[in-house]
Amino acid sequence: LTVLGLESSCDDTGAAVVRQSGQSAPEILSNVVIGQAELHAAFGGVVPELAARAHAEKIDIAVQQALDGAGLPLSGVDLIAVTAGPGLIGGVLSGVMCAKGLAAGSGLPLVGVNHLAGHALTPRLTDGLGFPYLMLLVSGGHCQFLSVEGVDRFTRLGGTIDDAPGEAFDKVARLLGLAQPGGPSVEAAARGGDPARFAFPRPLLDRPGCDLSFSGLKTAVLRARDGLVSAQGGLRTADVADLCAGFQDAVSDVLAEKTRRALSACSSRPAALAVAGGVAANGVLRARLAQVAQAVGTGFCAPPLKLCTDNAAMIAFAGLEAYRAGHRDGMDLSARPRWPLDDRAPALLGSGR
Ligand code: ATP
Ligand code: FE
C-alpha cells in the first residue's frame, strides 16, 4: 500500500509518500516540509491568517515535490491521507480541500487523520512498536500522555492545564534575550549552568494524577531574572546559564515524575515509553525519561527529530493504518479545529464509515 499524506494544521506545509507491503517495515519514500518560520518571525507567534494563505499557496507544490521525490505519478499511489484536525482551521481546510480534489480527480480512496494520532502512531512507523505503549507528546502546542492501545484506541491519561513545555521554553528564551525557537537556545545556554542555584517550583507534583502546569515556572524565571537585574544592574552570562539550567531541570523533573505515574496508570503494561514533539529533542529531558523507562523495565523510543515534529510522513502512515483498520472518508470529510483523540464517538480517525 502506497500512501500520499498531507499535513497543514499549524505552520508547516507537508506532503509525503509512505509505503508498506504487507507486514514488512514501512518505508518513507519522500517527506517534504515547507516551513513558515520567516513569515511569522516578526509577530512572535503563528498568525493564523498568514499561515492559511501560505498553506493554500504551498500545498500543491509540496504534493508535487513529494511525488517527484518518491518517483511516482499520482496514479502510482493507492490512498490519500490528510490531517483533518485538530489545528488552525484555515490551514486544515487547505489540506482537506487539496486532498479531496486529488481524490475526486484520481478516484483514489481518502482518509482523514487526526494530527495527534499521527504523532501518537509515529513509533510504529520508525520502530515498529506493538500496542500498547505510552506516548508523551511534548511540543510547542501540546503536552499530553496517551496510552496507545490500537490504531484508533487512545486513552488520555493527563496533560498540561496551561502552557505547553515548548511554549515555556520559548517564553523563557524571550525573557533572557535568547534566540527563537527557545528550546535549543535554552538547552545550549544551560550547559555548564548550576541547576540548583535557583529553587524553581515543581508545579502540581504535590497533586495526584498526570496533569501538568508550566505557566508558574515561566513566571518564577521572570521573578528571578528581575531580582538579579535590580540587585546587580543586569544579567551575567553565568546567571543566564544558571537560570536556564534551573528551568530545564524543573521541566524535566516534572515531566519525568508525571511520566512515572502515567506508566503505572496504564491499564495493561506498556511495551515502551515513546516521545514525540519538538521538546523531545532536549537531551536532559530525554536522559531523564530514559531513566524512568529503565526503572520500570520498559523500553524507550525516541524517533528521529524530523519525525517527532510536524510532518506528513506520520499522517501518511496513520492514514495507512486507519485504512487497514477499515476507515474510509468521503467528500463530506470536514476540517475540525478541535478533535480530542480519545473522543469515543464513532468517528475516531476520519469520519469512519
Ligand atoms: P505542535 O506541533 O504541537 O502544533 P509546534 O509546531 O510548535 O507545535 P514542534 O515543532 O513539535 O511544535 O516543536 C517546537 C517546539 O519545540 C518549540 O517550542 C521549541 O522551542 C521546542 N524545542 C525544540 N528543540 C528543543 C530543545 N532542544 N529543548 C527544548 N525544547 C525544544
Ligand atoms: Fe504537531
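Residues numbered from 1 in each chain as written. Chains lettered and ligands numbered in written order. Predicted model: local features only at pLDDT ≥ 70, side-chain atom pairs only at ≥ 80, totals over all residues.

An unreviewed UniProt entry lists the chain under the name tRNA N6-adenosine threonylcarbamoyltransferase, from Meridianimarinicoccus roseus. Of the comments in the UniProt record for the chain, the one headed Sequence similarities (unreviewed entry) reads "Belongs to the KAE1 / TsaD family." Under the Catalytic activity (unreviewed entry) heading, UniProt states for the chain: "L-threonylcarbamoyladenylate + adenosine(37) in tRNA = N(6)-L-threonylcarbamoyladenosine(37) in tRNA + AMP + H(+)". (UniProt positions renumbered as here; feature names shortened; annotations may be inferred.)

Draft legend 1. Layout of the overall build of the chain. A count of helices and strands for the chain gives 11 helices and 10 strands. Relative to the 2.2 N^0.38 estimate, which gives 20 Å for 353 residues, the radius of gyration of the chain is 21 Å and therefore close to what a compact globule would have. Projecting the C-alpha coordinates of the chain onto the three principal axes gives extents of approximately 70 × 45 × 35 Å. Buried positions account for 53% of the 353 residues belonging to the chain. Here the analysis covers contacts within the chain between residues at least 6 apart in sequence; of these, 73% occur between residues at least 24 apart. (Helix = DSSP H or I, 4+ residues; strand = E, 2+ residues; numbered from the N terminus. Rg over C-alpha atoms; globule rule 2.2 N^0.38 Å. Buried ≥ 20, exposed ≤ 12 C-beta atoms within 10 Å, placed from the backbone. Contact = placed C-beta atoms within 7 Å.)

Draft legend 2. Broad picture of the site of ligand 1. Looking at ligand 1, there are 20 residues lining it, with Gly140, Gly141, Gly166, Gly183 and Gly278 nearest. Of all the secondary-structure elements, those providing two or more residues to the shell around ligand 1 are α5 (165–175) and α6 (182–190). In terms of residues, the shell around ligand 1 owes the most to one element, α6, which gives four residues. Here the shell around ligand 1 is built from residues that sort into six nonpolar, 11 polar and three charged. (Near = placed C-beta within 6 Å. Nonpolar A, V, L, I, M, F, W, Y, C, P; charged D, E, K, R; others polar.)

Draft legend 3. Structural context of the sheet that holds strand β1 (residues 2–7). Ordered by their spatial adjacency, five strands build an open sheet running β3-β2-β1-β4-β5, and the pairing between neighbours is mixed. This sheet does not close on itself; its edge strands, each paired only once, are β3 (27–35) and β5 (110–114). Shown here is a sheet whose adjacent strand axes are inclined to one another by a mean of 20 degrees, direction ignored. In this structure, strand β2 (residues 12–19) lies alongside β3, joined through eight bridges in antiparallel fashion. From the neighbouring strand, valine 17 faces β3, where its bridge partner is serine 30. Lying over the sheet, helix α2 (residues 48–70) contacts β1, β2 and β3, oriented at roughly 25 degrees with respect to β2. (Pairing = 2+ DSSP bridges. Axes fitted to C-alpha atoms, helices over the stretch in contact; angles between N-to-C directions.)

Draft legend 4. Molecular detail of helix α11 (residues 313–324). Taking 1.5 Å of rise per residue, the 12 residues of α11 would be expected to cover 16 Å, and the 17 Å separating its terminal C-alpha atoms lies within 8% of that figure. Burial analysis of α11 places 11 of its 12 residues in the buried class, the great majority of the element. By the burial criterion, the buried members of α11 are Ala313, Met314, Ile315, Ala316, Phe317, Ala318, Gly319, Leu320, Glu321, Ala322 and Tyr323. Just past α11, the residue glycine 326 takes up positive phi, approximately 105 degrees. (Expected span 1.5 Å × (residues − 1).)

Draft legend 5. Just the packing of α6 against helix α8 (residues 237–265), in detail. The geometry of α6 relative to α8 is characterised by a closest axis approach of 7 Å and an angle of 115 degrees between their N-to-C directions. Relative to α8, α6 is oriented roughly perpendicular. The crossing of α6 and α8 is left-handed. Within the contact between the two elements, α6 uses Val186, Glu187, Ala189 and Ala190 and α8 uses Val240, Ala241, Cys244, Ala245, Phe247 and Gln248. (Parallel < 35°, antiparallel > 145°, perpendicular 65-115°, else oblique. Left-handed = near helix turned anticlockwise from the far one by under 90°.)

Draft legend 6. Representation of the pairing of β2 within the structure. Most of β2 is tucked away: eight of the eight residues are buried. Burial along β2 is two-sided: Asp12, Gly14, Ala16 and Val18 and Thr13, Ala15, Val17 and Arg19, pointing in opposite directions, are all buried. Looking at chain direction, β1 and β2 are connected through six bridges and run antiparallel. Its bridge partner being in β2, threonine 2 is matched across the sheet by arginine 19. Linking β1 to β2, which pair antiparallel, is a turn of four residues.

Draft legend 7. Inspection of the UniProt feature "binding site: Fe cation" (unreviewed entry) in the chain at higher detail. With numbering matched to this structure, UniProt assigns "binding site: Fe cation" (unreviewed entry) to His115, His119 and Asp310. The annotated residues occupy 196 residues of the chain but converge on a single region, no pair of C-alpha atoms lying more than 8.8 Å apart. Its 27 C-beta neighbours within 10 Å are what place histidine 115 among the buried residues. Discounting residues that sit within four places of it in the chain, histidine 115 has contacts with Ser9, Thr83, Gly85, Pro86 and Gly87.

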